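Descriptive analysis of the structure
As a plain string of letters, each chain reads:
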There are 2 protein chains.
Amino acid sequence: MLSCIISDVDEEEETKSWKKLINIAVSGAAGMISNHLLFKLASGEVFGPDQPIALKLLGSERSFQALEGVAMELEDSLFPLLREVIISIDPYEVFQDAEWALLIGAKPRGPGIERAALLDINGQIFAEQGKALNAVASRNVKVMVVGNPCNTNALICLKNASNIPAKNFHALTRLDENRAKCQLALKAGVFYDQVSNVTIWGNHSTTQVPDFLNARINGLPVKEVIKDAKWLEEEFTEKVQKRGGVLIQKWGRSSAASTAVSIVDAIRSLVTPTPEGDWFSSGVYTSGNPYGVAEDIVFSMPCRSKGDGDYELVKDVIFDDYLRKRIKKTEEELLAEKRCVAHLTGEGIAVCDLPEDTMLPGEM
Amino acid sequence: MLSCIISDVDEEEETKSWKKLINIAVSGAAGMISNHLLFKLASGEVFGPDQPIALKLLGSERSFQALEGVAMELEDSLFPLLREVIISIDPYEVFQDAEWALLIGAKPRGPGIERAALLDINGQIFAEQGKALNAVASRNVKVMVVGNPCNTNALICLKNASNIPAKNFHALTRLDENRAKCQLALKAGVFYDQVSNVTIWGNHSTTQVPDFLNARINGLPVKEVIKDAKWLEEEFTEKVQKRGGVLIQKWGRSSAASTAVSIVDAIRSLVTPTPEGDWFSSGVYTSGNPYGVAEDIVFSMPCRSKGDGDYELVKDVIFDDYLRKRIKKTEEELLAEKRCVAHLTGEGIAVCDLPEDTMLPGEM
């Protein structure tokens, strides 16, 4: 079925000035987010027009036929950069030599499933995938966790992949950042390319902290442009959080297209140099962070990249009591989630004392 | 709701070296094909990274909420080139000053609806949209009809838009061309960028004629590379036609993603110069065509473009009896479809004598 893509082009390649093929693994590949993302990856808009790629697609037994359909549609699209498509239900096969692993798949939350149960169910998937990455992926694989609860899933994944640097793991908070930029632009009456330096702090949940203290509009602190402090403190964050829920109501399904766009943004932020003076948000492993955030969790923070796939944390950010207090709350939640999955991170017996349900609307 | 996009950036613009904004109208904007297509248009991959665009989205009353959701997701994606999004159920509003009209929306064929009835139902939609384009669109608007039966819908549309040149109307056969290239590459065991000069002749239906006589693999006639004449004559065309049906079986829905890719391909073929010696297929108005095809229908033929949005027909193609006979059959079908919609093209009373059902599997 796949031979229109998988053909003997290797000898041919050596005569061209293409970059070396890279393997990109995607889980949940038959789902709607992937249905957008895979075509973006294959078109070259993520890794560039001279970067041939192989897509390794991970599905489930249930979704296998749909996965075949996705592969056929990728074939029919004749993407010149897409040199190979493999579909499988075995993470050890899919992650073999992967240089990027985009972990989209997770069990969605059905009615009546509590967050603690979801943490356990999905945590087991990410523990297994961490082990598989550890065994077969490139030693420098970059892992982007999208399946929710993504911060703690990323923590579980990296704890099960001790041979891969923990800083290679990311939890996606870029859609939150994009939504925050959009809301700030809307309130200020400017086009959104004029909004910069927006950080999402903490967990991809309702405790997330979109930071308007450090954010800038036209280079000025947001508070100098948007003087409505009440809006910033009370409405802004809620608007960002509730966006997904409003979309579900309107659209009847979750926001797959804009999620896929934000995954593209997140990857491009790691493979292209960050514009001077700006930064981007990513949920990354807290190890020696300069903000006083608890160590050994996955926490969204402001990052910069030289474009080499790596990042460094931004140092010149400021805090006030309001921001500190809210960062504390999302930190506490992530520490509670961590206690809840101790059995999956090799840290003993799980104790689950999650205070309340903080799943984002639209992701339940 | 849309002000994060629609903001007062016009003054700003004059200081930048952007191209002038173009209006792109899309019908069926809340559907799955559009859900892929709109994000491709907004990202710049169709019209280029320096071309700001406005998206004018046409939906129905039933789909209006979903359309609001689509617009919100476009906002959340922060596309720098997307300067305006308008949603409406009024074609006269949506097509105002449109330079491109991508007509995706059409009633899908429900169980028990005959092709003649579908021609009538959808024909009325395209007659109305033709009138609206005629009244308010740019005088040089390019119209791409995707909603099926697309050839005859395009004919109806152009007949109702007498102030717009008939050659500006296209019916999409690019997905068929892409699928044909994929199947030829598969059979020949080559990568698909080595397949060129593939024409789809005629109707976007099961009478379509994927042309292996003029097609080339590595610059050689296909018949010199694929010596299996039986496969070419008996299996190849069927494989192309049935691809959509197989995909529906696998995937549980129609192939929206690859259709959107083929729409992008079709537009890019008109706005970028065609590579030397190659051509692309598009369903276009037959007026003085060099192939002996009946005049005054919309027929897919080989085209070349200088990249100015216009095209010319390719002259140096060859025919044999097999190809002529099959072209005759798809021509007869289009003439029968035309008689069936005479009441919509201003040519009198419709007489419907469609011989058999030739809707493509996967589009019923």
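Per an unreviewed UniProt entry, chain A is named Malate dehydrogenase, and its organism is Ilex paraguariensis. Chain A has a UniProt comment under Subunit (unreviewed entry) that states "Homodimer."

1. Here's the deal with the interface of chain A and chain B
At the junction of the two partners, chain A supplies 53 residues and chain B supplies 53 residues. Buried surface at the junction of chain A and chain B, summed over both partners, amounts to about 4700 Å²; 60% is from carbon and sulfur atoms. Considering only the side of chain A, the residues that lose the most area to chain B are Asp76(A), Tyr192(A) and Trp251(A), jointly responsible for 15% of the buried surface there. Between chain A and chain B we count 8 salt bridges in total. One salt bridge in this structure joins Asp76(B) and Arg243(A), with 2.9 Å as the shortest N-O distance. Our count for the contact surface shared by chain A and chain B stands at 20 residue pairs in polar contact (both at pLDDT 80 or more). When residues of the side of chain A that touches chain B are traced back to their parent elements, those giving at least two are α2 (32–43), α3 (64–76), β3 (82–88), α7 (174–188), α9 (229–251) and α10 (256–271) of chain A. Broken down by class, the residue content of the side of chain A that touches chain B amounts to 24 nonpolar, 14 polar and 15 charged.

2. Let's talk about the domain arrangement of chain A
Residues and elements named next belong to chain A. Taken domain by domain, chain A holds domain 1 (21–171) and domain 2 (174–345). Relative to domain 2, the C-alpha centre of domain 1 lies at a distance of 23 Å. With 38 residues of domain 1 at the contact, the number on the domain 2 side is 36 residues. Across the interface of domain 1 and domain 2, roughly 3100 Å² is buried in total on both sides, 69% from carbon and sulfur atoms. In this structure, the connection of domain 1 to domain 2 is made through 2 salt bridges. The residue Lys159 makes a salt bridge to Asp296 at a minimum N-O spacing of 2.7 Å. At the junction of domain 1 and domain 2, the tally comes to 12 residue pairs in polar contact (both at pLDDT 80 or more).

3. Concerning the relation of the copies chain A and chain B
Between the two copies, chain A and chain B, the superposition gives an RMSD of 0.0 Å; the rotation angle is 180° and the shift along the axis is 0.0 Å. Such a combination of rotation and displacement between the chain copies is what one expects of a two-fold axis. Rotation axis and chain A: the residue whose C-alpha lies nearest the axis is His36(A), separated from it by 3.5 Å. Both copies share a contact surface, since 100% of the interface residues of chain A are interface residues in chain B too.

4. Some words on the sheet that holds strand β10 (residues 216–217) of chain B
All names here are of chain B. Strand order in the open sheet formed by 3 strands is β7-β10-β11, with antiparallel pairing between adjacent strands. Two strands close off the open sheet at either side, each with one partner strand: β7 (195–196) and β11 (220–221). By the bridge criterion, 2 bridges tie β7 to β10 in an arrangement that is antiparallel. Counterpart to Val195 in the pairing with β10 is Ile217.

5. Concerning the UniProt feature "binding site: substrate" (unreviewed entry) in chain A
Residues and elements named next belong to chain A. In the UniProt entry, the feature "binding site: substrate" (unreviewed entry) is given for Arg109, Arg115, Asn148 and Arg179. These residues run over 71 residues, and the two farthest C-alpha atoms among them are 24.0 Å apart, placing them at more than one spot. Inspection of the secondary structure puts Arg115 in helix α5 (residues 115–136). The contacts of Arg115, once residues within four sequence positions are left out, are Arg109, Pro149, Asn203, Ser205, Glu337, Leu354, Asp357, Thr358 and Met359.

6. Side note on α2(A)
Every α-helical turn comprises 3.6 residues, leaving residues that sit three or four positions apart pointing alike. All names here are of chain A. Over its 12 residues, α2 runs 17 Å from end to end, which matches the ideal 16 Å to within 8%, given 1.5 Å per residue. Among the 12 residues in α2, 9 count as buried, and that is most of the element. Residues of α2 that are buried include every one of Ser34, Asn35, His36, Leu37, Leu38, Phe39, Lys40, Leu41 and Ala42, and no others. With its phi angle positive at about 95°, Gly44 sits one or two positions after the end of α2.

7. Things to note about the pairing of strand β5 (residues 142–145) of chain B
Consecutive side chains along a regular strand alternate between the two faces of the sheet. All names here are of chain B. Every second residue of β5 is oriented toward a common face, with Lys142 and Met144 on one face and Val143 and Val145 on the other, all of them buried. As paired elements, strand β4 (residues 100–103) and β5 share 4 bridges and run parallel to each other. Residue pairing across strands places Ala101 opposite Val143, the latter belonging to β5. For β5 and strand β6 (residues 169–171), the ladder comprises 3 bridges, and the chain directions are parallel. Looking at the pairing, Val145 lines up with Ala171 of β6. Read as a crossover between parallel neighbours, the route from β5 over helix α6 (residues 150–159) to β6 is right-handed.

8. Here's the deal with the state of the cysteines
Applying the stated criterion to the full structure yields 2 disulfides over all chains. Each sulfur in the disulfide pair Cys340(A) and Cys352(A) lies 1.5 Å from the other. Of this pair, Cys340(A) sits in helix α11 (residues 321–340) while Cys352(A) sits in the segment after α12 (342–345); the two residues are 12 residues apart in sequence, bridging distant segments of the chain. Judged by its relative accessible area of 5%, Cys340(A) is buried. Its sulfur unpaired, Cys303(A) is 14 Å from the next cysteine sulfur, which belongs to Cys150(A). With no disulfide of its own, Cys150(B) has Cys157(B) as its nearest cysteine by sulfur position, at a separation of 12 Å. Looking at Cys150(B), the relative accessible area reads 1%, which means it is buried.

9. Brief notes about α11(A)
Look at α11(A): 29 Å from first C-alpha to last across 20 residues, which is about the 28 Å you get at 1.5 Å a residue. Of the residues making up α11(A), those classed as buried are Leu323(A), Arg326(A), Ile327(A), Thr330(A), Glu331(A), Glu333(A), Leu334(A), Ala336(A), Glu337(A), Lys338(A) and Cys340(A).

10. Quick notes on the sheet that holds strand β7 (residues 195–196) of chain A
Pairing is antiparallel across the open sheet formed by 3 strands, whose spatial order is β7-β10-β11 (chain A). The two strands at the open ends of the sheet, each matched to only one other strand, are β7 and β11 (220–221) of chain A.

11. Here we look at the packing of aromatic side chains
Evaluation of the coordinates by the stated rule reveals 18 aromatic pairs over all chains. Aromatic pair Phe212(B) and Tyr322(B): ring centres 5.7 Å apart, planes at 45°, arrangement tilted. Of this pair, Phe212(B) sits in the loop between β9 (209–211) and β10 while Tyr322(B) sits in helix α11 (residues 321–340), and the two are 110 residues apart along the sequence. Phe212(B) sits in the buried class, given a relative accessible area of 4%. Residue Tyr322(B) is classed as partly exposed on the basis of its relative accessible area, which comes to 25%. Among the aromatic side chains, those forming a connected cluster through ring pairs are Phe212(A), Trp231(A), Phe236(A) and Tyr322(A). Its end group placed over the ring of Tyr311(B), Lys167(B) keeps NZ or CZ at 4.8 Å from the ring centre.

12. Thoughts on the UniProt feature "binding site: NAD(+)" (unreviewed entry) in chain A
Residue and element names in this part refer to chain A. The positions UniProt marks with the feature "binding site: NAD(+)" (unreviewed entry) are Asn122, Val146, Gly147 and Asn148. Across 27 residues, the annotated set stays spatially compact, with a maximum C-alpha separation of 11.6 Å. In this fold, Asn122 is placed in helix α5. Setting aside residues up to four positions removed in sequence, Asn122 forms contacts with Ala106, Lys107, Asn148, Pro149 and Asn153. As for its placement among the helices and strands, Val146 is situated in the loop between β5 (142–145) and α6 (150–159). With residues near it in sequence (within four places) discarded, Val146 still touches Leu103, Ile104, Leu172, Thr259 and Ile263.

Conventions used here
- Residues numbered from 1 in each chain as written.
- Chains lettered and ligands numbered in written order.
- Predicted model: local features only at pLDDT ≥ 70, side-chain atom pairs only at ≥ 80, totals over all residues.
- Heavy atoms only, no water.
- UniProt positions renumbered as here; feature names shortened; annotations may be inferred.
- Contact = heavy atoms within 4.5 Å.
- Buried area = accessible area lost by both parts, 1.4 Å probe.
- Salt bridge = Lys/Arg side-chain N within 4 Å of Asp/Glu carboxyl O.
- Polar contact = N/O pair within 3.5 Å; in protein donor to acceptor, adjacent residues only side chain to side chain.
- Helix = DSSP H or I, 4+ residues; strand = E, 2+ residues; numbered from the N terminus.
- Nonpolar A, V, L, I, M, F, W, Y, C, P; charged D, E, K, R; others polar.
- Domains from an automatic or database assignment.
- Least-squares fit on C-alpha atoms with pLDDT ≥ 70 in both.
- Pairing = 2+ DSSP bridges.
- Expected span 1.5 Å × (residues − 1).
- Buried < 20%, exposed > 50% of the residue type's maximum accessible area, 1.4 Å probe, protein only.
- Right-handed = clockwise from strand over helix to strand, strands pointing away.
- Disulfide = S-S within 2.5 Å.
- Phe/Tyr/Trp six-rings, centres within 6.5 Å; stacked < 30°, edge-to-face > 60°.
- Lys NZ or Arg CZ within 6 Å of the ring centre and 35° of its normal.

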